[in-house]
Amino acid sequence: MLCTTVGESLADYVNSTLGFGLTNTTLLFAAALIVVLLAQFRLDSYVPAVYWLAVVLISVVGTLLTDQLTDGQGVPLWISTTVFSVLLAITFGVWYARERTLSIHSIVTPAREGFYWLTVLVTFALGTAAGDWTLELTGWGPGPSVLLPLGLIAAVFVSWRLGAGAVLSFWLAYVLTRPLGANLGDYLGSSHPDGGLGLGTLGTSLLFLGAILGVVTLLSRTGIDRTDGAVRR
């Protein structure tokens, strides 16, 4: 969720505030993402700093993909949301048909990791489109729009506690963190007259990058997010 918010705010800051332009911003972050993913695939096991840097960059690129369609090509948000939803379903379908599992704990081969990162990219793009479409469709302000995905995540959590499948529950919550993060970024960055907190895109980006750095430092030192000793084959 933190990374999704950064993707929303940092992309807007570099694109609009710094004046890089949508295409140049997309190319810049796509190049950085490729470099980091190459480093990630060369690793034999989970390294928090590299992994989460890849997540932050892929969140920015995913956001920019939606922005390219919406702002660059004039594609309506409902179409973008539908297209990315279909792409996500296809990705899951092909992944499961080939590997017979969607569990993140089974990602021990380059092929499975490839499916995983493709899924992450599509969910970030979907989160941006769905979050913005929610605002457009409902007319809610940035603050109330946060409550819908937050409530749905709470429902998924309750369902999991009541016995719903762990893999299905994980991916439902994972997808829902995307519109939650996108809407939260809008809420924090938007001006007071627009219903936000007025932190701006730079302030929001720095706040959440700092939070991500703190979490990654904690994970690196404690290893509390390591569930097994699996390495990639």
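Structure shown above.
Residues numbered from 1 in each chain as written. Predicted model: local features only at pLDDT ≥ 70, side-chain atom pairs only at ≥ 80, totals over all residues. Heavy atoms only, no water.

## Section: the overall build of the chain
Alright, step 1. Within the chain, the regular secondary structure consists of eight helices and zero strands.
Alright, step 2. For the chain, the C-alpha radius of gyration of 17 Å lies close to 17 Å, the compact-globule estimate for 233 residues.
Alright, step 3. By its C-alpha atoms, the chain is 50 × 40 × 35 Å across when sized along the principal axes.
Alright, step 4. Scored against the burial criterion, the 233 residues of the chain give a buried share of 45%. (Helix = DSSP H or I, 4+ residues; strand = E, 2+ residues; numbered from the N terminus. Rg over C-alpha atoms; globule rule 2.2 N^0.38 Å. Buried < 20%, exposed > 50% of the residue type's maximum accessible area, 1.4 Å probe, protein only.)

## Observations regarding the pattern of salt bridges
Alright, step 1. Within this structure, the stated rule accounts for two salt bridges.
Alright, step 2. A salt bridge links Glu 99 to Arg 98; the nearest nitrogen and oxygen atoms lie 3.1 Å apart.
Alright, step 3. For Arg 98, a relative accessible area of 56% puts it in the exposed group.
Alright, step 4. Of the charged contacts, one joins Arg 112 and Glu 99 as a salt bridge, the two residues approaching to 2.8 Å between their closest N and O atoms. With a gap of 13 residues between them, Arg 112 in helix α5 (residues 110-138) and Glu 99 in helix α4 (residues 77-99) connect regions that are remote in the sequence. Each member of the pair, Arg 112 together with Glu 99, is buried.
Alright, step 5. Taken together, the salt bridges that share partners define one network made up of Arg 98, Glu 99 and Arg 112. (Salt bridge = Lys/Arg side-chain N within 4 Å of Asp/Glu carboxyl O.)

## Considerations on a nonpolar patch on the surface
Alright, step 1. A grouping of Trp 78, Ile 79, Val 83, Val 86, Leu 87, Ile 90 and Val 94 is seen on the molecular surface, where their side chains present a nonpolar patch of about 590 Å² in accessible area.
Alright, step 2. You can see Leu 87 is positioned in helix α4. (Patch = residues over 30% accessible without salt bridge, like charges linked within 9 Å, V, L, I, M, F, W, Y side chains within 5 Å. Areas by Shrake-Rupley, 256 points an atom, 1.4 Å probe, with all protein chains shown as cover.)

## Here we look at the packing of aromatic side chains
Alright, step 1. A full pass over the atoms with the stated rule returns 14 aromatic pairs.
Alright, step 2. Centroid distance Tyr 51 to Trp 52: 4.9 Å. Interplanar angle 90°. Geometry classified as edge-to-face.
Alright, step 3. Taken together, a centroid distance of 5.0 Å and an interplanar angle of 80° make the contact between Phe 170 and Trp 171 edge-to-face.
Alright, step 4. Owing to a relative accessible area of 31%, Phe 170 belongs among the partly exposed residues under this scheme. (Phe/Tyr/Trp six-rings, centres within 6.5 Å; stacked < 30°, edge-to-face > 60°.)

## As for the side chain of Thr 81
Alright, step 1. Tracing the backbone shows Thr 81 in helix α4.
Alright, step 2. A distance of 3.5 Å separates the side chain of Thr 81 from the backbone oxygen of Ala 129, its partner in a polar contact. (Polar contact = N/O pair within 3.5 Å; in protein donor to acceptor, adjacent residues only side chain to side chain.)

## Focus: helix α2 (residues 22-42)
Alright, step 1. Here α2 spans 30 Å end to end across 21 residues, near enough to the 30 Å set by a 1.5 Å rise per residue.
Alright, step 2. Taken residue by residue, α2 has Leu 22, Thr 25, Thr 26, Phe 29, Leu 33, Val 36, Leu 37 and Gln 40 as its buried positions. Seen end-on, α2 carries its buried residues on one side only, within an arc spanning 110°. Seen from the buried face of α2, the exposed residues on the opposite side, beyond 90 degrees, are Leu 27, Ile 34, Val 35, Leu 38 and Arg 42. (Expected span 1.5 Å × (residues − 1). Arc of directions from axis to C-beta.)

## A closer look at the nonpolar core
Alright, step 1. Phe 29, Trp 95, Tyr 116, Trp 117, Val 120 and Trp 171 are the most contacted members of the largest nonpolar core, which totals 48 residues.
Alright, step 2. Of all the secondary-structure elements, those providing two or more residues to this core are α1 (2-17), α2, α3 (48-72), α4, α5, α6 (142-161), α7 (166-189) and α8 (200-222).
Alright, step 3. If we skip the residues at most four places from it in the chain, Tyr 116 touches Tyr 51, Trp 95, Ile 104, Ile 107, Trp 171 and Tyr 174. (Core = buried A, V, L, I, M, F, W, Y, C linked by side-chain atoms within 4.5 Å. Contact = heavy atoms within 4.5 Å.)

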